[in-house]
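# Structure assessment
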Amino acid sequence: MAETILTNTGPGAGRLPGWRGIAADWASDQRAFKNVSWGKAMMWIFLLSDTFIFSCFLLSYMTARMSTTVPWPNPSEVFALNLGGKHIPLILIAIMTFVLISSSGTMAMAVNFGYRRDRVRTAILMLVTAAFGATFVSMQAFEWTKLIMEGVRPWSNPWGAAQFGSSFFMITGFHGTHVTIGVIFLIAIARKVWRGDFDVGRRGFFTSRRGYYEIVEITGLYWHFVDLVWVFIFAFFYLW
Amino acid sequence: MVDVPYDRIAGIPPAEAPDVELYHPKSWLTRYVFSQDAKVIAIQYSLTASAIGLVALVLSWLMRLQLGFPGTFSFIDANQYLQFITMHGMIMVIYLLTALFLGGFGNYLIPLMVGARDMVFPYVNMLSYWIYLLAVLVLASTFFVPGGPTGAGWTLYPPQAILSGTPGQDWGIVLMLSSLILFIIGFTMGGLNYVVTVLQARTRGMTLMRLPLTVWGIFTATVMALLAFPALFVGSVMMLLDRLLGTSFFMPSLVEMGQLSKYGGGSPLLFQHLFWFFGHPEVYIVALPAFGIVSDLISTHARKNIFGYRMMVWAIVAIGALSFVVWAHHMYVSGMYPYFGYFFATTTLIIAIPTALKVYNWVLTLWRGNIHLTPPMLFALGFIVTFVNGGLTGLFLGNVVVDVPLSDTMFVVAHFHMVMGVAPIMVVLGAIYHWYPKVTGRMLNDVLGKFHFWVTFLGAYLIFFPMHYLGLLGVPRRYFELGEAAFIPPSAHSLNEFITVVALTVGFAQMVFLFNLAWSLFEGAPSGGNPWRATTLEWQTPETPPGHGNWGKELPIVYRWAYDYSVPGAAEDFIPQNQPPTTGAVQGATP
Ligand code: HEM
Ligand SMILES: [Cu+2]
C-alpha cells in the first residue's frame, strides 16, 4: 500500500490508450485509477453520491411541479427586479450565475498556480474565488429576503402552488449550504497555502497527514461541481 | 506492449508509491476511544450496533407476546405495538445490519484483506463512527420523549407518518428523521473510505480479481449505499420540512381529526418512490456482504476453492446494478400507474438469475468438499437454506397478481424475515465464530457454538415458517390484535401462541452466545494466527490480534487468488495468498 502523493507520478504513466488501457488498469494491482491520489478519488466518489442527492431533490421538485393542480407561479416574473425604472426578468439570477461561473474561472487559475507552487498567487486566487462565492450567497440571501417580504413562505405564496416556495427554499437552501461550505474550505486551504504548509509538508492538525498542493485541485473539484449543480438548478427552476 | 510486467508466477509490479505514514496514538484516549485505527473503529461499530440490536430483539419479544396472547398484557396498547414494530424494523435493517456489515466487518476486514495498513482516511473514518453513535443515541432517545417513538412503520409512509392519529407525532417522527439524516452523513464518511481503500490502496499483487469475495460483497454494497442513501436523505429532509415547516411535498389535502388539515397538493407516492429507491437496494446492501462472507466461510471450511470465482464476482456486481431498477415491486398496491408493475415484475424476476447462480456455486463448492462442520460452516449452511427459502417466496411476491392478495399479510413478514432477517443474521453469527479468533486471539467454544446454531436455526424456522401459512390465510401484518374474523380459524391463534413461545425461547438462547463471547475472551483456547488454516491475508498478519498498521515493517505481497485450498501436489491443503510460488509444480491456482 502506498500513500499516493501527487497526480501523474509513478509507473502508471504510459499505459495502453483508450478502453484497453482502462481495462488494463482495472485488471492491475494496487490502484484501479492509476495516478489518482486517494483524496482525489474520494472527492470524485463523494461528488457522485452528492449528484444523486441533488438529482433526487430536482426530480422531486419536478414531480411536484408537474402534478400540482394549482398553477405554478411564473419564475421570470417572480424573480424580476426593477432596476433604474426598468422591469428586468431574472436579472438577479443572471448576475448570480455569472458570479458563480466566474468563480470557477478563478478557481481553475488557482489550481494552475498551485501546481507551479506559486504560493501567493494561489492563495490570492482562492480568496478571490471565496469572495465570489460569498457574493453569490449574499445575493441569494437578498433574494430570499425579497421573496419573504413579498409573502412567499415554504408553505404558501401569493401566486399559486405552495410547492413553489417549498421547493425554492429547499433547493436553493441546500445548494447555498454547499456554496457556504465551499467558501469555508477555500479560506481554510488558502490560509495553509499562504503559510507555506504545502512547501514544507507540514502535518495537518487533525489527521497528522502531510498536505500537498493537490488539495487545491480537490477543493476545485468540489467547487466546480457546486457550480455545475447551479447550472441545472438555474435551468430547471428558473428557466422552465 | 508498454504494460507493466505482469506474470502469474513471478513478476509483481513494483510499488507505485511509498508506504503510508500512519497517525500514532499517544494516549489511551486516542488509542481506544477516539481511535483512528480501523480495527478499533470496527469494534466500536459492532458493539454499538449489537447493543441497539438487542433493543430491537427485546421489542420483537414484546410484539410476539402481544400477538401470541392478545389482551393479556396490559402494558402493551395498540399505539405501543405500532411503535414497537417501527423501531424494531428500522433498528434491525439500518442501525444493526447495515452498520454491522459495513461499519463493523467492513472496517475490520477491508484493510486486512486488501493488504493495507488502515483505511485511506482514518480521521474521517473515526468521525463516521461518532456520527453513527450520535444517530443511535438520537434514535434511542425517542423512547423517552413525550409521545414516544414514531409508530409509522419502518417505511414511514406519509401522510400518516406525520398526522396526529399516529403515535410519536410530536417528537418521535422528528427525531427518527433526524437520526436517519445523521446516519447517512456518518455512513457516507465511512463508505467513501471503504470504496477508496478497495480501489486505490491494495497491496502489491492484489488485483481486483484476487480479492476475497468478502471484500467484493462489502465493496459493492458500499457503492450501492452511497447511491441509494441519497434518496432516503432527500425523502427525510422533505418529510422533516413537511412536519416542521408545514410544506406539502408529500401531503395531499385531507381531513385530520374532523378538520381540513393545513396541507395540500403534495404526493404521498413521491415519498414511496424515494423510500424504495433506497429501500430495495438496502436489502442488497445487507445481502451482498452476507453473500461475500458466506462464500469465504464455505470455501475455507470445506477446504475447496470457491466454484466459479469470476461468475461470483460478476453476479455480485450484476445484482448490485439490477437492484436499482426494481424498487417499485414494493408498490404494486400503492396506486401507481398499473403498467409500471409489469416492468418492475420483469426486472425483479431477472435479478433472480444472478442470485440463483450464486446459490448453485455455493452448493457446487460444497460438492465433494472436505466439509468441516465447524460453527461458521453450520451457519453458512443455515444461510443457504434460509436464503433459498426466502428467495422462493420472493418470486411469489415479485409477481403483481400474486402479490396483490398477499401484500400486507404475514406472508410478507415471513418472506422478508427469511431473506433479510434470518439469513444475514446467520452470516453475522457465522462470521463472528470465524473471525473472533483474529480479533481476540482466542477461539469461541465449539460445543456452545453448535448448540447456539441448532437452537437458532431450528428456532428461526419454527418462528417464521408458520407465518407463511398465516399469511396465506389472510392474517394481516402490523395488526395489534386479530379479533374475531370469520376467515381466521382458531388454529391461527394457537399457531400464534406457538410462535411466541418459540421466539422467546430462541431469544433467550442467544444468552448462550453472549456468554460464549464473554467467557472465551478470557478462557477460550488460544487460537494462534491462523486457526482455520485459511488463505486470505488477514490470517497472515505478524501479530494476532493485528497490531497498529497491520503488517509490521513490510507490506505483504500477493501472488495468488484467495482460494488455493487443497491444491493438488501442494504440501499443505491451503496456500496463503502471500506465499510466493516455489517450484513450477505448485501453480494449481488460476487468477
Ligand atoms: C429475533 C427474531 C425476530 C422476531 C421474533 C421478529 C418479529 C417481528 C414481528 C412480530 C414483527 C411485526 C409483524 C407485524 O405485526 O406486522 C416484525 C416486523 C419487522 N421485522 Fe422482525 N423479528 C425478528 C428479527 C428481525 C430481523 C433480524 C430483522 C432484520 C431485517 C427484522 C426486520 C423486521 C422488519 C423490517 C419489520 C417490519 C416492521 C414494519 O412493519 O414496519 N426482524 N418482526
Ligand atoms: Cu425490493
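Parameters at a glance
- Residues numbered from 1 in each chain as written.
- Chains lettered and ligands numbered in written order.
- Predicted model: local features only at pLDDT ≥ 70, side-chain atom pairs only at ≥ 80, totals over all residues.
- Heavy atoms only, no water.
- Helix = DSSP H or I, 4+ residues; strand = E, 2+ residues; numbered from the N terminus.
- Buried < 20%, exposed > 50% of the residue type's maximum accessible area, 1.4 Å probe, protein only.
- Contact = heavy atoms within 4.5 Å.
- Areas by Shrake-Rupley, 256 points an atom, 1.4 Å probe, with all protein chains shown as cover.
- Donors = N, O, S within 2.8 Å, 3.2 Å for Na, K, Ca; no water.
- Tetrahedral: all angles 85-135°; square planar, octahedral: opposite > 155°, others 65-115°.
- UniProt positions renumbered as here; feature names shortened; annotations may be inferred.
- Domains from an automatic or database assignment.
- Core = buried A, V, L, I, M, F, W, Y, C linked by side-chain atoms within 4.5 Å.
- Axes fitted to C-alpha atoms, helices over the stretch in contact; angles between N-to-C directions.
- Parallel < 35°, antiparallel > 145°, perpendicular 65-115°, else oblique.
- Left-handed = near helix turned anticlockwise from the far one by under 90°.
- Near = heavy atom within 4 Å.
- Polar contact = N/O pair within 3.5 Å; in protein donor to acceptor, adjacent residues only side chain to side chain.
- Nonpolar A, V, L, I, M, F, W, Y, C, P; charged D, E, K, R; others polar.

As a further point, take the overall build of chain A. The secondary structure content of chain A amounts to eight helices and two strands. When the helices and strands of chain A are placed in sequence order, the string is α-α-α-β-β-α-α-α-α-α. Taking the principal axes of the C-alpha coordinates as reference, chain A spans close to 60 × 40 × 30 Å. Residues classed as buried in chain A amount to 55% of the 240 residues present. Long-range contacts, defined as pairs at least 24 residues apart, comprise 71% of the intrachain contacts of chain A with a sequence gap of at least 6. Carbon and sulfur atoms provide 71% of the accessible area of chain A, an area that totals close to 10,900 Å².

With that settled, consider the coordination of the iron atom of ligand 1. Put simply, a metal with four donors set out as a tetrahedron has ideal angles of 109.5 degrees, and one with six donors set out as an octahedron has ideal angles of 90 or 180 degrees. All names here are of chain B. Taken together, His88 (NE2) and His417 (NE2) make up the full set of protein donors to the iron atom of ligand 1, lying 2.0 Å away. Angles of 87 to 179 degrees at the metal separate the six donor atoms of the iron atom of ligand 1, which places the site in the octahedral class. Linking His88 in helix α3 (residues 78–114) with His417 in helix α12 (residues 410–440), this pair joins segments that are 329 residues apart in sequence. With respect to class, His88 is no different from His417; both count as buried.

What follows deals with the UniProt feature "domain: Heme-copper oxidase subunit III family profile" (unreviewed entry) in chain A. UniProt annotation of "domain: Heme-copper oxidase subunit III family profile" (unreviewed entry) refers to residues 43–240 of chain A when read in the numbering used here. As annotated, residues 43–240 of chain A comprises 75% helix and 3% strand, and the C-alpha atoms at either end are separated by 31 Å.

Another point: the domain arrangement of chain A. Its domain assignment divides chain A into domain 1 (1–36) and domain 2 (38–239). Distance from the C-alpha centre of domain 1 of chain A to the C-alpha centre of domain 2 of chain A: 32 Å.

Residue and element names in this part refer to chain B. By size, the foremost hydrophobic cluster in this structure holds 257 residues, and its most contacted members are Tyr95 and Phe383. Broken down by element, this core gets its largest block of residues, 23 residues, from α3. Filtering out sequence-adjacent residues up to four positions away, Phe383 remains in contact with Ala290, Phe291, Val294, Trp362, Ala423, Met426 and Val427.

Next up on the list: the environment of Val145 of chain B. All names here are of chain B. Note on placement: Val145 falls in the loop between α4 (122–141) and α5 (172–200). Under the relative-accessibility criterion, Val145 is labelled buried at 18%. Placed 30 residues apart in sequence, Val145 and Leu175 show a C-alpha to C-alpha distance of 9.5 Å. Every residue in contact with Val145, bar those within four places of it in the chain, is listed here: Trp171 and Leu175.

Another point: the packing of helix α4 (residues 91–115) of chain A against helix α8 (residues 214–239) of chain A. All names here are of chain A. Look at α4 against α8: their axes get within 9 Å of each other, and the N-to-C directions meet at 160 degrees. As judged from the angle between their axes, α4 and α8 are roughly antiparallel. The way α4 lies across α8 gives a crossing that is left-handed. In contact with Ile93, Met96, Thr97, Leu100, Ile101, Ser103, Ser104, Met107, Ala108, Ala110, Val111 and Tyr115 of α4, α8 contributes Glu214, Val216, Glu217, Thr219, Gly220, Trp223, His224, Val226, Asp227, Trp230, Phe234 and Tyr238.

Attention now moves to the site of ligand 1. All names here are of chain B. As a structural note, the neighbourhood of ligand 1 is formed by 21 residues, with Tyr81, His88, Trp154, His417 and Arg478 the closest of them. A distance of 2.8 Å separates a nitrogen atom of ligand 1 from a polar side-chain atom of His417. The contact in question runs from an oxygen atom of ligand 1 to an N or O atom on the side chain of Arg477, over 3.0 Å. The leading source of residues in the shell around ligand 1 is α3, at seven residues. Taken together, the residues that form the shell around ligand 1 break down as 12 nonpolar, six polar and three charged.

Residues and elements named next belong to chain B. A cis amide bond links Pro158 to the next residue, Pro159, at an omega of 0 degrees. You can see Pro159 is positioned in the loop between α4 and α5. Looking along the chain, the bond that leaves Thr544 and enters Pro545 is cis, with omega of -10 degrees. Relative to the helices and strands, Pro545 is located in the segment after α14 (490–523). Backbone geometry places Arg368, a non-glycine residue, at a positive phi of 60 degrees. Assignment of secondary structure puts Arg368 in the loop between α9 (338–366) and α10 (375–398). Its identity as a non-glycine residue notwithstanding, Arg478 has a phi of 60 degrees, on the positive side. For Arg478, a relative accessible area of 28% corresponds to the partly exposed category.

Attention shifts here to the UniProt feature "transmembrane region" (unreviewed entry) in chain A. Residue and element names in this part refer to chain A. Residues annotated by UniProt as "transmembrane region" (unreviewed entry) correspond here to residues 41–62, 88–111, 123–142, 162–190 and 211–239. With 88% helix and 4% strand, the stretch residues 88–111 has end C-alpha atoms that lie 36 Å from each other. Within residues 123–142, the helical portion is 100% and the strand portion 0%, while the C-alpha atoms at the span's ends are 28 Å from each other.

We now examine the side chain of Arg202 of chain B. All names here are of chain B. Assignment of secondary structure puts Arg202 in the loop between α5 and α6 (213–244). Among the polar contacts listed, one links the side chain of Arg202 to the backbone oxygen of Val198, at a separation of 2.7 Å. Within the structure, Arg202 has its side chain in polar contact with the backbone oxygen of Leu199 (distance 2.9 Å).

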